[in-house]
Amino acid sequence: MVGAGYVGLVAAVCFAKKYDVICVDTDVAKIDMINNGKSPFFEPGLDAMLSEVHKTGKILATTDMDEALLDADFVFISVGTPSLSSGAIDLSFICSAAEGIGNALSKIDRFVVLVQRSTVVPTSTREVVQKLVERASGKTAGKDFGIAFVPEFLREGSAVDDFLNPDRIIIGTENQRTLKLLFQLYEDFYGNLTAEKIIGMSIESAELVKYASNAFIATKISFANEIARIAELIDGVDVVDVMRGVGLDHRVNPKYFNAGAGFGGSCFPKDIKALIHFARTHAFDPILIESVLERNNLQMIHIADLAEDALGMMNDKRITILGLSFKPGTSDMREAPSIKIISELIERGVGEIIACDPIAIPEARKILGERVTFIGNPKEALSGTDCAIIVTEWEIFRKLTPRDFIETMKTPIVIDARRIFPAEEFEKELTYIAVGRRQK
Ligand code: NAD
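Structure report, in brief. Everything quoted here is computed from the prediction, not taken from an experiment.

### Things to note about the packing of aromatic side chains
Part 1 of the reasoning: Under the definition given, this model contains 18 aromatic pairs.
Part 2 of the reasoning: A centroid spacing of 6.1 Å and a plane angle of 50° characterise the contact between Phe 15 and Tyr 19, whose relative ring orientation is tilted.
Part 3 of the reasoning: Using a relative accessible area of 4% as the deciding quantity, one classes Phe 15 as buried.
Part 4 of the reasoning: Ring centres of Phe 189 and Tyr 190 lie 4.8 Å apart, and the angle between their planes is 80°; on these two criteria the pair is classed as edge-to-face.
Part 5 of the reasoning: Looking at Tyr 190, the relative accessible area reads 13%, which means it is buried.
Part 6 of the reasoning: Each member of the aromatic cluster is reached from another via a ring pair, and the members are Phe 15, Tyr 19, Phe 76, Phe 163, Tyr 186, Phe 189 and Tyr 190.
Part 7 of the reasoning: The ring of Phe 153 carries Arg 168 above its face, with NZ or CZ at 3.6 Å from the centroid.
Part 8 of the reasoning: Taking the ring centre of Phe 111 as reference, the NZ or CZ of Arg 177 above it sits at 3.8 Å.

Laid out in structure tokens, this is it:
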């Protein structure tokens, strides 16, 4: 397993329940932690499972690619592919991993299957990874080693469960021997995969499946946010009811179909930007997907507008932000809507921002620094402020009652950007402003 981050380590630990796995990473601290049976990052269930497989001796970690590949039958690449400022993906980690793998392959005489799992735009696996491995190893893909692209669909926060119960396994390869070996591996590992759940296709189709999936889910979110804006124009309409009514149609599916503060995280924004960049460099304007990003950005600005409309002049006002991470269950702040909303409010001259989150404060501090006062306890964070905005739907915030706001805040104005509170109950007792619902 080359790259032991979210994707690589989760796969490594799950596979190690059945097979011998060696992780390779350039980060020595990560390698040491894995070799001590400890997960280097928080992901529910991962630490316990790693400690279990570590005791059986079925998982090892090293920085030495040659050592890791010595007895390998399959090599998975799951190094990072971050965004460049142009929106394109940075392939430098992929390139150095491919060269290292190629050098190691030149020293072994066995048909190894190379599986690219990092998210890359179509043609990268064949044009970049395969070519670099061929050059460094002196071997030929298809004849001396197999190459495939198998996209990863796991979600941070439920990564172990997602890996163990996939909706589908997509195997992108044209090489029959590689296809057969990967089918055998996945069928053996999962035991009960039905034919519809495991499908083969070209490498490039599989690369595009990953981007198309993320673009589609993000489209659902932006669509819900656009309907929310329309709902806000009409008395008596609530977007929560509307999306539930639409989502129950089996052609639609209710998941990722709620209006809110917009999407963030390490995947949706990065992957959509990469897809747009890829299309534009091929002289095509993907207008639908571009508008998904634009609606997402506008939704975050809209949350700041709701606060400004409610408060009027902002320079003497204090606002509490409840929730900083991009979603509940993680401390991940990458592209979190809270960053954009807070920056908007600061730009508009707000007096003070008090930010509260159960676990993301250390990460958020690195990004927002001195501009914000951080308080971990929600009631303390609400004390004496003029407006509270729910930005991340953490369970502890759901437990807050109208009384909690009335008794602590200077003026109890609540902007529910995640629709976590019962609207009727809240609007009876305080100024309750919600996404997708006209204020009474
Ligand atoms: P990550 O940053 O958590 O992990 C990447 C790891 O690769 C790091 O530990 C890094 O030290 C290591 N690395 C970098 N260069 C290396 C090299 N040359 N050799 C060995 N190790 C090297 O990244 P991640 O979140 O696991 O994502 C990996 C890929 O999977 C990305 O392309 C991402 O888009 C994709 N993906 C991520 C998720 C997710 O939810 N995180 C989901 C699906 C797909």
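### Quick look at unusual backbone geometry
Part 1 of the reasoning: In the Ramachandran plot, Glu 335 falls in the positive-phi region, its phi being about 55° despite a non-glycine side chain.
Part 2 of the reasoning: Note that Glu 335 resides in the loop between β8 (318-322) and α13 (337-347).
Part 3 of the reasoning: With a phi angle near 55°, Arg 419 is a residue other than glycine that sits in the positive phi range.
Part 4 of the reasoning: Here Arg 419 is to be found in the loop between β12 (413-416) and α18 (423-429).
Part 5 of the reasoning: Overall, Arg 419 belongs to the buried group, its relative accessible area being 15%.

### Here's the deal with the site of the ligand
Part 1 of the reasoning: Within the structure, the ligand sits among 27 residues, and Val 7, Asp 25, Lys 30, Thr 81 and Lys 270 are positioned closest to it.
Part 2 of the reasoning: One of the side-chain nitrogen or oxygen atoms of Ser 96 is found 3.1 Å away from a nitrogen atom of the ligand.
Part 3 of the reasoning: For the ligand, a nitrogen atom lies 3.0 Å from a polar atom in the side chain of Glu 156.
Part 4 of the reasoning: Contact with the protein chains covers 88% of the free accessible surface of the ligand, which is 840 Å².
Part 5 of the reasoning: Residue assignment for the shell around the ligand shows that the elements contributing at least two residues are α1 (6-15) and α5 (92-105).
Part 6 of the reasoning: Among the elements that take part in the shell around the ligand, α5 stands out by supplying 3 residues, more than any other.
Part 7 of the reasoning: Class assignment for the residues of the shell around the ligand results in 10 nonpolar, 10 polar and 7 charged.

### Considering the pattern of salt bridges
Part 1 of the reasoning: Enumeration over the complete set of coordinates arrives at 38 salt bridges.
Part 2 of the reasoning: One salt bridge connects Arg 244 with Asp 241, and the closest N-O pair in it is separated by 3.7 Å. One end of the pair is Arg 244 and the other is Asp 241, both in helix α10 (residues 239-247) and 3 residues apart, which spans about a single turn.
Part 3 of the reasoning: Measuring nitrogen to oxygen at the nearest pair gives 3.3 Å for the salt bridge that ties Asp 316 to Lys 317.
Part 4 of the reasoning: Accessibility expressed as a relative area gives 52% for Asp 316, which makes it exposed.
Part 5 of the reasoning: On the basis of relative accessibility, which here comes to 16%, the residue Lys 317 falls in the buried class.
Part 6 of the reasoning: Because the salt bridges share partners, they merge into one network encompassing Asp 238, Arg 419, Glu 424, Glu 427 and Arg 437.

Each value, and the rule that gives it
- Residues numbered from 1 in each chain as written.
- Predicted model: local features only at pLDDT ≥ 70, side-chain atom pairs only at ≥ 80, totals over all residues.
- Heavy atoms only, no water.
- Phe/Tyr/Trp six-rings, centres within 6.5 Å; stacked < 30°, edge-to-face > 60°.
- Buried < 20%, exposed > 50% of the residue type's maximum accessible area, 1.4 Å probe, protein only.
- Lys NZ or Arg CZ within 6 Å of the ring centre and 35° of its normal.
- Helix = DSSP H or I, 4+ residues; strand = E, 2+ residues; numbered from the N terminus.
- Near = heavy atom within 4 Å.
- Polar contact = N/O pair within 3.5 Å; in protein donor to acceptor, adjacent residues only side chain to side chain.
- Areas by Shrake-Rupley, 256 points an atom, 1.4 Å probe, with all protein chains shown as cover.
- Nonpolar A, V, L, I, M, F, W, Y, C, P; charged D, E, K, R; others polar.
- Salt bridge = Lys/Arg side-chain N within 4 Å of Asp/Glu carboxyl O.

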